[in-house]
Amino acid sequence: WMRLKAAEWHGAIVDTSGDGQVGFLLRELQIRPLPAGIPFLVVDVGAHDGVWQSNSHPLLQAGWGGVLFEPHARTFQRLVWNLMAFPKARLVRAAVGLYGNRGDETAE
């Protein structure tokens, strides 16, 4: 179904996740596939640059759709640049958190 290789780009999916989480997920999906008609979609909150230690990047390489959130302006610019080859990725410059919490107080 998919090849996972860490050091090769030649048609392979490169697992950029920090500890191989994506490789585990893809192996599980081979064993227990999703029911027909369910779309492959990743939601990444705090997507950073979309590549470094990214759990979503390998899934986008595999053809998944995605919604990726990154609030910081410069980092979001890198995200846009890095993922311009993935038209199924919807990039949103926004923070995600509790409603009404502006990040300057402790959420309970």
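In this text, all values refer to a predicted model and were calculated from it rather than measured experimentally.

Engineer: Is there a simple way to explain helix α3 (residues 73-82) in this structure?
Structural biologist: It helps to recall that an α-helix has 3.6 residues per turn; residues three or four apart then point in one direction. Listing the buried residues of α3 in full gives Thr 75, Phe 76 and Leu 79. Projected down its long axis, α3 carries its buried residues within an arc of 100 degrees, all on one side. Relative to its buried face, α3 has exposed residues pointing more than 90 degrees away, namely Arg 74, Gln 77 and Trp 81. Looking at the buried positions of α3, the neighbouring elements they touch are β2 (65-69) and β3 (89-92).

Engineer: Explain the nonpolar core here, please?
Structural biologist: The nonpolar side chains of soluble globular proteins are, as a tendency, buried together. Counting residues in each nonpolar core, the largest one holds 15 residues, and the members touching the most others are Leu 59, Leu 60, Leu 68, Leu 79, Leu 83, Ala 89 and Leu 91. Those elements that place two or more of their residues in this core are α1 (21-31), α2 (57-61), α3 and β3. Counting residues per element, this core draws most heavily on α1, which supplies 3 residues. Ignoring sequence-local partners within four residues, the contact set of Leu 79 consists of Ala 47, His 48, Asp 49, Gly 50, Leu 68, Glu 70 and Leu 91.

The rules we used
- Each chain has its residues counted from 1, following the order in which its sequence is written.
- Owing to the predicted nature of the model, reporting of local features is limited to residues with pLDDT of at least 70; listing and counting of side-chain atom pairs is limited to 80 or more, with chain, interface and lining totals taken over all residues.
- Calculation of side-chain values draws on the structure's entire complement of heavy atoms; hydrogens and water are dropped beforehand.
- Burial classes: relative accessible area under 20% of the type maximum marks a residue as buried, over 50% as exposed, and values in between as partly exposed (1.4 Å probe, protein chains only).
- Secondary structure follows DSSP: runs of H or I at least 4 residues long count as helices, runs of E at least 2 residues long count as strands, and numbering of each begins at the N terminus.
- As used here, the arc belongs to the directions running from the helix axis to the C-beta atoms.
- The contact criterion used throughout is that any non-hydrogen atoms of two residues lie within 4.5 Å.
- Here, nonpolar core means buried Ala, Val, Leu, Ile, Met, Phe, Trp, Tyr and Cys residues that are tied together by side-chain atoms lying within 4.5 Å of each other.

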